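Residue-level listing of the chains:
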Amino acid sequence: MKPMYRSLRIATILAMLVAFPFESAVVAQEPPAVIDIHVDLSDAPRRIFHARLSMPVQPGSLDLLYPKWLPGEHGPTGPITDLVGLNFSADGKTISWRRDPQEMFAFQVNIPAGVTQLDIKLDYLPPSASGQFTAGAATSDRLAVMSWNALLLYPAGKSAHEIMYRPSLTLPAGWGFGTALVESRREGDEIHFATVSLATLVDSPVSAGAHHRVLDLTGKAAVRHRLHLVADSEEALDIKPETEQAFRNLVAEGIALFGSYHYSKYDFLLTLSDHVQSFGLEHHESSDNRLPERTLVEEVRMNSRAGLLPHEFVHSWNAKYRRPEGLTRDNFQTPYQTDLLWVYEGLTSYLGLVLTSRSGLWTPEYAQDALARIAARLSNRPGRTWRPLIDTTRAAQILFGSPSAGSSWRRGVDFYDEGVLIWLEVDTLIRQLSKGRRSLDDFCRTFFGGESGLATVAPYAYADLVAALAEVAPHDWKGFFDSRIYSVQAEAPLNGITNSGWRLVYTGEPNLAQQDREETRELLNLSFSLGFSVSTKDNRVLDVLPGSPAAAGGLPAASTLVAVNGRRWTPEILQQAIVDAQQANEPIRLLVENAEFFSEVLVDYHAGKRHPHLERNDRKHDLLSKILAPRLH
Ligand SMILES: [Zn+2]
């Protein structure tokens, strides 16, 4: 155990516990009324989830809410469109309902006199393709991921930490599952879980499937850490021993980095399917990770997605435990204020990259290539000439899911990648200011420290973060962040790379991280040479960088690439054309189809292939290698 961040006074901690009374802190005067919720996933392969709720009520008007703003999704993404089959009844008699005319996520029912229990039936239709994050595809014939928020209503006016649910679940025959919820008993094919608050229920998704395997990652940790694998095939569960060991190292390195933890146990859920939306969502005592089916068994796929579990694990500290005030809500309807996502996601992206390397999921060389790719991408981002990073965090809810066409001019959720560069600079600066005695690891142990084992939330403001950094290394941290985040910066923040003894260069050699990413995402990225990227799956031009040779030639984003120098295009032919153009004066000729019309685009480019890499600069110390090296093994 380590002492809590010192300026966080006892009174503040007590106030936090009152404001966020998780189960351990709930010592209510009278036992709270408990809502029963039963979810039936028997029809999950047919993309229908069923739920039954039984809610203690009093006669009169009752407002019920469907969760709208979901923690970690940073927007109003509750899948209200796919809530169907809504039916209310009491004592076997149907009760009519109406939706609020202005708030689509709110419903009103009138409870008749004498009624003390409201029965609710509803279905959720997980989509097959569309939808963002947990509102996206979540099922296949063999598996399903279930987020409780998609299948429940809750009474308005009470804190999500006070409303209690008693969850139970039915699965298709033979399916196994993983969740952070604690199983209390089985009754026939029904699995019953311990009663939890609404906040904890929404924080505890279930991954279930016909092919299921559990790996213990605990190692020397004091509490249980498990990895639940659910996949579309038995073969996909065949994790390589070195990958399994690296996940075990991840747990050990994570705890070593932060010095303590804020969960009673931790469950990584990893769903492996090509029919489920790929992403990760953080939770306090678990994470919901969804990746393509063959991720664990194909090296290129594993490398390109290796950073996901480290990122979501870091979030247990930086997101679930320490959380920006604007992202701390006691209900699911109040909009978030997302300004501090450059800490919530940006610092997590940096620490996730560091832990991916420290755990051995990546070699340090691979991590360097990943860092070079990020630095190059942000250095070739014309949108940064008009949009400050703070506007990407503030507008996150409208930037997630924005189209690829125009993305370099629009910018997207750049706070993830740019956070890596900014927090690397913070890390190197702390090391310089303290003459090598301290690092960002020390900040992590104080800011995210405190007593282990208790799943609490400790909100913070920008000023708290700046003060905590100043305790580790006195510096004008507000001035530092104000200039990098709150004002327009045409140049990418590369000081961290320079301070750590390296520089960004471009060569003809492939960047391993970029190459794996291109292969798994089925695209060819020529952003640093011709100035565009193109899908190898449907030949669509994904984006064209303003000011690039391709833009000067008039290449339209979202057009279809047909031919290169008169021959049907393939990635190999286009890359050979780039090589050939080095010795020629003629431009590269691209035939494109732009909404039915064909045209030839002349790209006057002769500088050859350009891929980003890091190479040592003249600084004496190689801080980067030190940062990326394991602390423990
Ligand atoms: Zn994240």
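All values derive from a computational prediction rather than experimental measurement.

J.: Please set out the overall build of the protein residue by residue, giving values where relevant.
T.: Tallying secondary structure elements over the protein gives 20 helices and 32 strands in all. When its C-alpha atoms are laid out on the principal axes, the protein stretches across 90 × 60 × 45 Å. Within the span of the protein, comprising 633 residues, buried residues form 57% of the whole. Counting only contacts in the protein whose residues sit at least 6 apart along the sequence, the fraction spanning at least 24 positions is 72%.

J.: Can you tell me about the coordination of the zinc ion, naming the residues and giving the values?
T.: Distances from the zinc ion to its protein donors, His 311 (NE2), His 315 (NE2) and Glu 345 (OE), fall within 2.0 to 2.1 Å. All donor residues of the zinc ion come from one chain, and their arrangement in sequence is H-x3-H-x29-E. Of the two residues, His 311 and His 315 are both situated in helix H5 (residues 308-315); the distance of four residues between them amounts to about one turn of the helix. Overall, His 311 belongs to the buried group, its relative accessible area being 12%. Owing to a relative accessible area of 0%, His 315 belongs among the buried residues under this scheme.

J.: Give me the lowdown on the sheet that holds strand E17 (residues 211-216), citing residues and values where you can.
T.: Here we have five strands laid out as an open sheet, ordered E17-E18-E19-E21-E20, and mixed in their pairing. Lying at the two open borders of the sheet, with one neighbouring strand each, are E17 and strand E20 (279-282). Strand-to-strand twist of the sheet, defined as the mean angle between neighbouring strand axes without regard to direction, takes the value 15 degrees. Bridge analysis of E17 against strand E18 (residues 225-231) gives six bridges, and the strand direction is antiparallel. Each bridged residue has a counterpart across the sheet, and for His 211 the counterpart in E18 is Ala 231.

J.: Can you explain the pattern of salt bridges? Please cite residues and give values.
T.: As enumerated under the stated definition, the model contains 30 salt bridges in all. Residue Asp 43 is joined to Arg 46 by a salt bridge in which the shortest nitrogen-to-oxygen separation is 3.3 Å. Note that Asp 538 and Arg 540 form a salt bridge whose closest N and O atoms lie 3.4 Å from each other. Take Asp 538: its relative accessible area is 41%, and that puts it in the partly exposed class. Each of the salt bridges in this network shares a partner with another, and the network as a whole consists of Arg 377, Arg 381, Arg 384, Arg 411, Asp 414, Asp 417 and Glu 418.

J.: Let's hear about the packing of aromatic side chains: which residues, and what values?
T.: Evaluated as defined, the whole model comprises 38 aromatic pairs. Taken together, a centroid distance of 5.8 Å and an interplanar angle of 65 degrees make the contact between Phe 133 and Phe 279 edge-to-face. In this pair, Phe 133 sits in the loop between strand E8 (117-124) and strand E9 (143-146) while Phe 279 sits in strand E20, placing the two residues 146 residues apart along the sequence. Phe 279 matches Phe 133 in its accessibility class, with the two residues each being buried. Here the basic side chain of Arg 322 rests over the ring of Phe 447, its NZ or CZ set 4.3 Å away from the ring centre. Over the ring of Trp 502 we find Arg 616, and its NZ or CZ is 6.0 Å from the ring centre.

The rules behind the values
- Residues numbered from 1 in each chain as written.
- Predicted model: local features only at pLDDT ≥ 70, side-chain atom pairs only at ≥ 80, totals over all residues.
- Heavy atoms only, no water.
- Helix = DSSP H or I, 4+ residues; strand = E, 2+ residues; numbered from the N terminus.
- Buried < 20%, exposed > 50% of the residue type's maximum accessible area, 1.4 Å probe, protein only.
- Contact = heavy atoms within 4.5 Å.
- Donors = N, O, S within 2.8 Å, 3.2 Å for Na, K, Ca; no water.
- Pairing = 2+ DSSP bridges.
- Axes fitted to C-alpha atoms, helices over the stretch in contact; angles between N-to-C directions.
- Salt bridge = Lys/Arg side-chain N within 4 Å of Asp/Glu carboxyl O.
- Phe/Tyr/Trp six-rings, centres within 6.5 Å; stacked < 30°, edge-to-face > 60°.
- Lys NZ or Arg CZ within 6 Å of the ring centre and 35° of its normal.

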